[in-house]
Amino acid sequence: MSVDSASQPLIHARGLTKRFGTFTAVDAVDFDVARGEAFGFLGPNGAGKTSTMRMIGCTSPISDGELGVLGLDPRHHGPQIRARLGVVPQHDTLDNELTVRENLLIYGRYFGLTREECARRADELLDFVQLADRAGDLVEPLSGGMKRRLTIARSLINEPDLMLLDEPTTGLDPQARHLLWDRLYRLKQRGVTLVLTTHYMDEAEQLCDRLVVMDKARIVAEGSPQQLIARFSTREVAEFRFAPGIQETLDGQFEGLAERVERLPDRVLLYADDGEDVVLAARDRGLHPETVLVRRSTLEDVFLRLTGRSLIE
Amino acid sequence: MATLTDARGRTTAPVPELASSLATMARVIEHRALQYRRTFRASLFSSFGIPVLFLTAMGLGLGGYVDQNPDPSLAGLTYLQFLAPGVLAATVMQAGSFEAAYPILGGLQWNKIFHAMFATPIRALDIVLGNLAWVAIRLTMISVAFSIVVVAFGASRSPLLVAAIPAAVLTGLAFTAPIMAFTATQRTPDRFAAMFRFGITPLFLFSGTFYPIESLPSLLQPIAWISPLWHGVDLCRRLMLGTIDRDPLLGLIHVAVLAGITVLGVVAASRTFEARLMKG
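Procedures and definitions
Residues numbered from 1 in each chain as written. Chains lettered and ligands numbered in written order. Predicted model: local features only at pLDDT ≥ 70, side-chain atom pairs only at ≥ 80, totals over all residues. Heavy atoms only, no water. Helix = DSSP H or I, 4+ residues; strand = E, 2+ residues; numbered from the N terminus. Buried < 20%, exposed > 50% of the residue type's maximum accessible area, 1.4 Å probe, protein only. Contact = heavy atoms within 4.5 Å. Lys, Arg positive; Asp, Glu negative; His and termini not counted. Charge placed at Lys NZ, Arg CZ, Asp CG, Glu CD. Phe/Tyr/Trp six-rings, centres within 6.5 Å; stacked < 30°, edge-to-face > 60°. Lys NZ or Arg CZ within 6 Å of the ring centre and 35° of its normal. Patch = residues over 30% accessible without salt bridge, like charges linked within 9 Å, V, L, I, M, F, W, Y side chains within 5 Å. Areas by Shrake-Rupley, 256 points an atom, 1.4 Å probe, with all protein chains shown as cover. Salt bridge = Lys/Arg side-chain N within 4 Å of Asp/Glu carboxyl O.

A. Structural detail: the overall build of chain A. When helices and strands are counted, chain A shows ten helices and 13 strands. Principal-axis analysis of the C-alpha atoms gives chain A an extent of 75 × 45 × 35 Å. The buried share of chain A, taken over its 313 residues, is 57%. Considering only residue pairs separated by 6 or more positions, chain A has 68% of its internal contacts joining residues 24 or more positions apart. The average position of the 39 basic charges and that of the 49 acidic charges among the side chains of chain A differ by 3 Å.

Quick look at the structure:
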């Protein structure tokens, strides 16, 4: 059932469009995802990421354009495609009336696995997501991070060709996020193809080999995190924060200090290959920020450059 | 395994076979049964408790009063014998309606497990049929418990009592299927209270459950004919009392009406489920 040639993309989208009435949620996007890749959709809430994921997951009909998933057409073979997907939805859809292990057993049955096979895989997966000690507990008292890990285990029960993760760590505390990233990284190492959406640039940088930046229903850039940073930002950024009321009085004071200057309501970002040089040059001009931070450029800077806005507003 | 390739060669992978509807229904039943294990005791208690309460209060209490001056329309039956099949059909109607409302809304809206199921190869129609089959099993359990109580009360007159069990289940499904279709259009349970208050309860009172519909003013009698419950009550009564052979055609009409409503309900539900699970 696998796609016959290695060169064939697992997902192939051209002019893919989703409309709800007169509202266009996804506006003619093009992308391909290759086998074994970790591919991300990075963008703010409302950019069209979830709608795109639902179309790939065959739980939302496409409005226009072309979409092939695992070499099949979602319009005609939704159930057949879903048989080979592992889906981690944005909001947990676990069965609270069942135990942790039963959630896996019963889900495997929907993919036509035998009870023995379900039991074997459930135990393996509970080990993998570090929930073996909670196997017999009901789902409800689990923490948010545990529920996400159980959802990931559930999505792996059919040994999917392709995993779809919609905002996998939204709402989790930092420790739970790192644990989840570690598990997803291991899946990636095993060659599982991951497609994920996120509005966290650190998540995209950690997990994605390649990503597209989405904004207002369109793809605005595509590449690896390093490529995108190299293309749309500088190596470093100097962040200046001034005492309240000062920043507004400094019109024109930053000209020529850096390759590019972004003024945010609470700070000024100066883009340059060497941030320390910018700091020194600013001192020479008599600028006295309260705090100075020199850091590497991130995807957040790429997004700011491309859209003029922050990812998380 | 069929291989489909469209004109532009996009569908290039072999198309795997899907499991049959029957196999996927069995998976839904297995899932619901696993959930049910946790509430089994409480539900078993009410399955026996409700008929005992009704047959004691109405059958023995009210019946003792009615039987002092037996009405000719009872045709020599005790009131308890007349009442039992009516309450069987009405009880199953209520259980079938409840099962189509809250647990279904839960799966679509609260814990969203139907959405999780829909991320597997299952089709919307299979989710409907699987749940309907599970409700049929539950209604069978309720009907069997009810029948045991009827026999224990000495109110059974015919071995056809056994045939009243599937008749009662069919009566329940004629409510389950259309209400499931309605539930899939709802996001809150707000309208369920009105449905029970203005739909189910009046049917319970005016469908020949407690008295022959001929006792109603003649203007109100046609209500019975359009009430699915009346068809169920009359069918169960004729089976339980062994009088079905007096008018077999009417028995067939009852079955046809109830089966027809169930099929229409399933068709409607498969559409409303599809619309709900497939985000337009």
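B. Here's a closer look at the packing of aromatic side chains. The tally for this structure, following the rule as stated, stands at 16 aromatic pairs over all chains. Each ring, one from Trp225(B) and one from Trp230(B), has its centre 4.8 Å from the other, and the planes form 50 degrees; the classification is tilted. The rings of Phe98(B), Tyr102(B), Phe182(B) and Phe192(B) are connected pair by pair, giving a single aromatic cluster. Over the aromatic face of Tyr107(A) sits the side chain of Arg154(A), whose NZ or CZ is 4.5 Å from the ring centroid. Above the ring of Tyr200(A), the side-chain terminus of Arg177(A) is found at 4.0 Å from the ring centroid.

C. Quick look at helix α3 (residues 100–110) of chain A. Among the eleven residues in α3(A), nine count as buried, and that is most of the element. For α3(A), the set of buried residues is Val100(A), Glu102(A), Asn103(A), Leu104(A), Ile106(A), Tyr107(A), Gly108(A), Arg109(A) and Tyr110(A). Where α3(A) is buried, its residues touch α4 (115–128) and α5 (144–155) of chain A together with α1 (21–36) and α4 (113–117) of chain B.

D. Here's a closer look at a nonpolar patch on the surface. All names here are of chain B. A grouping of Phe40, Leu44, Phe48, Val144 and Ile148 is seen on the molecular surface, where their side chains present a nonpolar patch of about 380 Å² in accessible area. Put simply, the parts of the chain that give the nonpolar patch at least two residues each are α2 (40–66) and α5 (124–152). Summarising the element assignment, valine 144 is placed in helix α5.

E. Molecular detail of a negative patch on the surface. Residues and elements named next belong to chain A. The grouping of Glu259, Asp273, Asp274, Glu276 and Asp277 at the surface amounts to a negative patch. Its place among the elements puts aspartate 273 in the loop between β12 (268–272) and α9 (275–284). Judged by relative accessible area, which is 44%, aspartate 273 ranks as partly exposed.

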